[in-house]
Amino acid sequence: MIRRSKGEKVYGVFNGFVLLLIALVTLYPFLYVVFASVSEPVKLLSRQGLLWYPAGFTWNAYKKVFANSSIYSGYLNTIFYVVAGTTVNIIATSVAAYVLSRKQLMLRRFFTLMIIFTMYFNGGMIPNYLLIKDLGMVNSRLALILPGAISTFNLMIMITGFREIPQALEESARIDGASDWTILFRIILPLAKPTIMVIMLYYAVGHWNSWFNAMIYIRDSTKMPLQIFLREILTRSQLGSMAGDIEVEDVGITIKYATIIVSTLPILCLYPFIQKHFVKGVMIGAVKE
């Protein structure tokens, strides 16, 4: 075993303390929301200072949220939008990134600049709505999937990831007679798996939290995502509190914390499965010098 000096031990203790402090600062806001969501409203409002445990205990806020039967259809719709939308996003972004990352593509720089241009300038909400209307996608699930099929920011990240893959792998595949589709799906995508997983997470979180487009384009309540229903519950609770609604006062301020937990907890469950892909890639040793 390697013996550490006193300076290294002191540094280890100090470094651990700093990391623990950062972890507490990062984790406390989430714990506060969890504790506040199961607290009694009166005791929570009278509580001063940090909240390290629930002020009383009650499930009334969650009961109020799940009493709305639309929550369950909203969950199913959101899951559909996340799965279908993310699938379309990954396929479209991967194909576009592969094309734009090829050095032999003519006018590659021009096309890239035109795509980047859309990050800073767009037609606005009214032209977008008119476009969706002319395409016949108003009150259609496609309105929440196709218009945002490719995110320029995510596309740039994926292009960078594809460019880091050695060109020798592609050249050797072409010598064996592989087409562009074969190179993309059997060589590029497997080697760029960490990048794909990160981009997939970005897209999935975006679809899960999306509510503005649904509020504009969707008219049928059976097609609305979860976030719309949670927003309605939160709005009604606030209006009911101002109007002196006794049933709403029973949950009071805690209902907004309950809606936060209901809307964020499922997507947080994805992180443990994707976390390993944030650490390192799988390119080490792929090409032998």
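No experiment lies behind these values; they were computed from the predicted model shown.

Trainee: Help me understand a positive patch on the surface, please; the structure alone is not making it clear to me.
Mentor: On the surface, a cluster of positive charge is contributed by Arg3, Arg4, Lys6 and Lys9. With respect to the secondary-structure elements, Lys6 resides in helix α1 (residues 6-37). Under the relative-accessibility criterion, Lys6 is labelled exposed at 71%.

Trainee: Before we go on, may I ask you to explain the packing of helix α9 (residues 180-191) against helix α10 (residues 193-209) in this structure?
Mentor: Helix packing geometry: the angle between the two helix axes and the distance between the axes. Running from N to C, α9 and α10 cross one another at 75°; their axes reach a closest spacing of 4 Å. For the element pair α9 / α10, the angle class is roughly perpendicular. In this structure, α9 uses Leu189, Pro190 and Leu191 to contact α10, whose residues at the interface are Lys193, Pro194 and Ile196. Classifying every residue of the contact of α9 with α10 gives five nonpolar, no polar and one charged.

Trainee: How do you make sense of the confidence of the model for the chain when you look at a structure like this?
Mentor: Detailed reading of the predicted coordinates is not advisable wherever pLDDT is low. This prediction gives the chain a mean pLDDT of 80; 87% of its residues lie at or above 70. Mean pLDDT values over the elements of the chain span from 48, in helix α13 (residues 246-249), up to 88, in helix α4 (residues 70-101). With pLDDT under 50 throughout, residues 242-246 is counted as low confidence; its partners more than four residues away or in other chains account for two contacts.

Trainee: Just checking my understanding: could you explain helix α8 (residues 167-175) for this structure?
Mentor: An α-helical turn contains 3.6 residues, so any two residues separated by three or four positions project in the same direction. Taken together, the buried positions of α8 are Leu169, Glu170 and Ala173. Along the long axis of α8, the arc covered by the buried residues comes to 95°, so they all point the same way.

Trainee: Looking at this model, I keep getting lost on the packing of aromatic side chains. Mind explaining?
Mentor: Two numbers describe a pair of aromatic rings. These are the distance of the centres and the angle of the planes. All told, the structure shown has 12 aromatic pairs when counted by the stated rule. In this arrangement the basic side chain of Arg141 is found over the ring face of Phe80, its NZ or CZ atom lying 5.5 Å from the centre.

Trainee: When you look at the pattern of salt bridges in this model, what are you seeing that I'm missing?
Mentor: Between side chains of opposite charge, a pair can form when the charged atoms approach closely. According to the stated counting rule, one finds three salt bridges in the structure shown. In this structure, the salt-bridge partner of Glu170 is Arg102, at a minimum N-O distance of 2.3 Å. With Glu170 in helix α8 and Arg102 in the loop between α4 and α5 (108-120), this residue pair connects regions lying 68 residues apart in the sequence. Considered together, Glu170 and Arg102 belong to a single accessibility category, that of buried residues. Of the charged contacts, one joins Glu170 and Arg174 as a salt bridge, the two residues approaching to 3.1 Å between their closest N and O atoms. Separated by four residues within a single helix, Glu170 and Arg174 lie in helix α8, roughly one turn from each other. When its relative accessible area of 6% is taken as the criterion, Glu170 is described as buried. Bridged by salt links that share partners, the residues Arg102, Glu170, Arg174 and Asp180 form one connected network.

Trainee: What am I meant to see in the side chain of Thr86 here?
Mentor: Inspection of the secondary structure puts Thr86 in helix α4. Sequence-distant contacts of Thr86, that is, excluding residues within four places in its chain, are made with Tyr81, Met200, Tyr203, Ala204 and His207.

Trainee: Mind showing me how you'd approach a nonpolar patch on the surface here?
Mentor: A cluster of nonpolar side chains, namely Phe14, Phe17, Val18, Leu19, Leu21, Ile22 and Val25, defines an oily patch on the protein surface of about 700 Å² accessible area. Mapping Phe17 onto the fold places it in helix α1.

Trainee: Before we go on, may I ask you to explain the nonpolar core in this structure?
Mentor: In summary, soluble globular proteins display a tendency toward joint burial of nonpolar side chains. Counting 32 residues, the largest nonpolar core has Val65 and Ile71 as the members making the most contacts within it. It is helix α14 (residues 254-268) that provides the largest number of residues to this core, a total of six residues.

Trainee: When you look at the environment of Leu31 in this model, what are you seeing that I'm missing?
Mentor: The residue Leu31 is located in helix α1 in this model. Sequence separation of Leu31 and Leu51 is 20 residues, and the distance between their C-alpha atoms is 8.5 Å.

Each value, and the rule that gives it
Residues numbered from 1 in each chain as written. Predicted model: local features only at pLDDT ≥ 70, side-chain atom pairs only at ≥ 80, totals over all residues. Heavy atoms only, no water. Patch = residues over 30% accessible without salt bridge, like charges linked within 9 Å, V, L, I, M, F, W, Y side chains within 5 Å. Areas by Shrake-Rupley, 256 points an atom, 1.4 Å probe, with all protein chains shown as cover. Salt bridge = Lys/Arg side-chain N within 4 Å of Asp/Glu carboxyl O. Lys, Arg positive; Asp, Glu negative; His and termini not counted. Charge placed at Lys NZ, Arg CZ, Asp CG, Glu CD. Helix = DSSP H or I, 4+ residues; strand = E, 2+ residues; numbered from the N terminus. Buried < 20%, exposed > 50% of the residue type's maximum accessible area, 1.4 Å probe, protein only. Axes fitted to C-alpha atoms, helices over the stretch in contact; angles between N-to-C directions. Parallel < 35°, antiparallel > 145°, perpendicular 65-115°, else oblique. Contact = heavy atoms within 4.5 Å. Nonpolar A, V, L, I, M, F, W, Y, C, P; charged D, E, K, R; others polar. pLDDT = per-residue confidence, 0-100. Arc of directions from axis to C-beta. Phe/Tyr/Trp six-rings, centres within 6.5 Å; stacked < 30°, edge-to-face > 60°. Lys NZ or Arg CZ within 6 Å of the ring centre and 35° of its normal. Core = buried A, V, L, I, M, F, W, Y, C linked by side-chain atoms within 4.5 Å.

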